[in-house]
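Examining the three-dimensional arrangement
Each chain is listed here by its residues.
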Amino acid sequence: MSSSKRSTIIVEHLRKQQMREAISRSKRLDGRDLDEMRTLEIELGIIGKADGSSRVRLGNSEVVAGVKVETGTPFEGLENKGALILSAEVLPIASPYVEPGPPDEETIELARVVDRGVRESEMVDLDKLALIPGKVVYTIFVDCSIINYDGNLFDASSYAVVSALMSSKLPVFEVQDGEAVVNTGKKMDPPLTTIPVSITAVKIGDSVILDPTAEEEACMDARITITTNSEGKFAALQKGSTGSFTIDEIKKAAEIARIKGEEVRTKIKELTSNGH
Amino acid sequence: MVQTRSLIDEHGLRTDGRTMDELRNVKIQVGIVKNADGSAYIEFGKNRIVAAVYGPREVHPKHMAQPDRCVLRCRYHMSPFSTDTRKNPAPSRREVEISKVMREALEPALMLEDYPRAAIDVFVEVLQADGGSRCAGITAASVALADAGINMRDIVPACAAGKVDGKIVLDINDVEDKEGSADMPLAYMPHLDRVTLLQLDGILNQEEFNECLDKALQGCKMIYEIQRRALIQKYFGDEQELKEES
């Protein structure tokens, strides 16, 4: 029931008016088109101690994601599958509006929406990550640290998680005598099936814009995050914020998410193949 | 998400005997929590949920108060005995997220600007969960808000549609949620024609996506009728209901 800090960023009334007016004329205050994403930069392998890592910059939003692989017990009901655990933390260094402490509901939503995209698209083939069925499985942790907040953490974190996983090398564990699990010291590629890409659109007035900045998020009426897989199918969706959408707006946003998602997917593939 | 058994039989019927466009049994009772300013109890399939509204009332802690509008607070909570294996009573991350989306689903329907410096608290307690509890919770909560006499632009019915055995079906139950391939909960304001909650878990192509959206919307319209009748029943009794029907 807590009210959160990031959503309480205050934008001056005049600035707000200026933004709404510009957007109604299909312009944005930073000069972008309504459906234009900010520049996406991805750096890989920046954390040597992680099994995979990435630093993603989406405009001024910056996220570092790291993959850590261990062995552990499987989740209840999923005894023959590896475990995938995703987290996100908005660090106090990310914005003057963020304070240290347990995660607020916005941060919990962020982690759960990013998780939903990766999980529902079945990006990681968890069936291939059981060691002793029912007892020992691979446990993959992907943790996101938000370094700088300038809006659209959903997409920035999602791209960070996806590119960290794509560039990761998992330690190879072996089962000896059906009992003991040992780390062979070898590495393998993770079993990946698809590249989920989320696209977040927000509604300001009657216009829908993509990849909002912090300032735009502070003025938004409603938000929608749509994740597609490599086949262009929808895998996850989350509407957020206190406004509402018409059915037509949702159908249109879904189509944009499919088209823009493919563009971003191509970009992620390109950026993750360089230097790897 | 592993398909272990057939969820739709050769007659096109589902595990609980419903057709693909059929809702589970929905029953709403208004005003069952005596101390609350407004309340509703909903039976939605095997879901058993109580929603209670307190407010508009003074805000505690005071710094949360807004000078120009009312603060809406929502708590979605599952009782420990509501699920197959006992649920830890401490709020889980899932419950925190649902509380948030539930608040955002209800807020567009409320005239919060009419109650500056005050708070409205909505408590949704799931006594028994049967899949679709967030939708049933929103449905009950919006009836409870109306019962509390809060100024509203519209009422908010909610319903899910999803994909089971390759088919798009209305109102996913517990088994279909766990074993089916997609679940799309939706909340909708029927008079304003606006969607206030939308989520999706699972894979759908563009065509299925649109079909799912339209089907969930139809479900919301059916649930709206049940909400309306429950409110009429409470405030005007059976007689009025009959007059209204004819």
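Residues numbered from 1 in each chain as written. Chains lettered and ligands numbered in written order. Predicted model: local features only at pLDDT ≥ 70, side-chain atom pairs only at ≥ 80, totals over all residues. Heavy atoms only, no water.

As for the overall build of chain B
Quick note on the threshold: Note on conventions: DSSP H or I runs of at least 4 residues are helices, E runs of at least 2 residues are strands, and numbering of each starts at the N terminus. For this measure, only C-alpha atoms enter the radius of gyration; the expected value for a globule follows 2.2 Å times N^0.38, where N is the number of residues. The buried label goes to any residue with under 20% of its type's maximum accessible area, the exposed label to any with over 50%, and the partly exposed label to all in between, with areas taken from a 1.4 Å probe on protein chains only. Throughout, a residue-residue contact means that at least one pair of heavy atoms, one from each residue, lies within 4.5 Å. In these tables, accessible area is a Shrake-Rupley quantity obtained with a 1.4 Å probe, and a residue counts as shielded only by the protein chains included in the view. Charge assignment in this entry is limited to Lys and Arg as positive and Asp and Glu as negative, and neither His nor the chain termini are counted. Here the site of a charge means atom NZ of a Lys, CZ of an Arg, CG of an Asp or CD of a Glu.
A count of helices and strands for chain B gives four helices and nine strands. Going from N to C terminus, chain B has its helices and strands arranged as β-β-β-β-α-β-α-β-β-α-β-β-α. For 246 residues, the compact-globule formula gives about 18 Å, and the C-alpha radius of gyration of chain B, at 18 Å, lands near that figure. Counting across all 246 residues of chain B, residues that qualify as buried make up 55%. In chain B, the share of contacts with a sequence separation of at least 24, taken over all contacts with a separation of at least 6, comes to 67%. A total accessible area of about 10,500 Å² is found for chain B, and carbon and sulfur atoms account for 50% of it. Both charge centroids of chain B, one from 32 positive and one from 40 negative side chains, sit 6 Å from each other.

Section: unusual backbone geometry
Of note, the amide linkage connecting Gly55 of chain B to Pro56 of chain B takes the cis form, showing an omega dihedral of 0°. You can see Pro56 of chain B is positioned in strand β3 (residues 47-58). The linkage connecting His60 of chain B with the following residue, Pro61 of chain B, adopts the cis geometry, with an omega of -5°. Despite not being glycine, Ser26 of chain A has its phi angle at roughly 60°, a positive value. On the basis of relative accessible area, Ser26 of chain A is assigned to the partly exposed category, the value being 43%. With phi around 50°, Asp165 of chain B is a residue other than glycine that occupies positive phi space. For Asp165 of chain B, a relative accessible area of 25% corresponds to the partly exposed category.

What to know about the packing of aromatic side chains
Aromatic ring pairs are defined here through the distance separating the ring centres and the angle between the ring planes. Quick note on the threshold: Only centres within 6.5 Å qualify two rings of Phe, Tyr or Trp (six-membered ring in Trp) as a pair; their planes then separate them into stacked at under 30 degrees, edge-to-face at over 60, and tilted for everything else.
In this structure the tally under the stated criterion is three aromatic pairs over all chains. Aromatic side chains Phe234 of chain A and Phe209 of chain B sit 4.5 Å apart centroid to centroid with 35° between the ring planes, which places their arrangement in the tilted category. In this pair, Phe234 of chain A sits in strand β12 (residues 234-240) while Phe209 of chain B sits in helix α4 (residues 206-245), so the two residues belong to two different chains.

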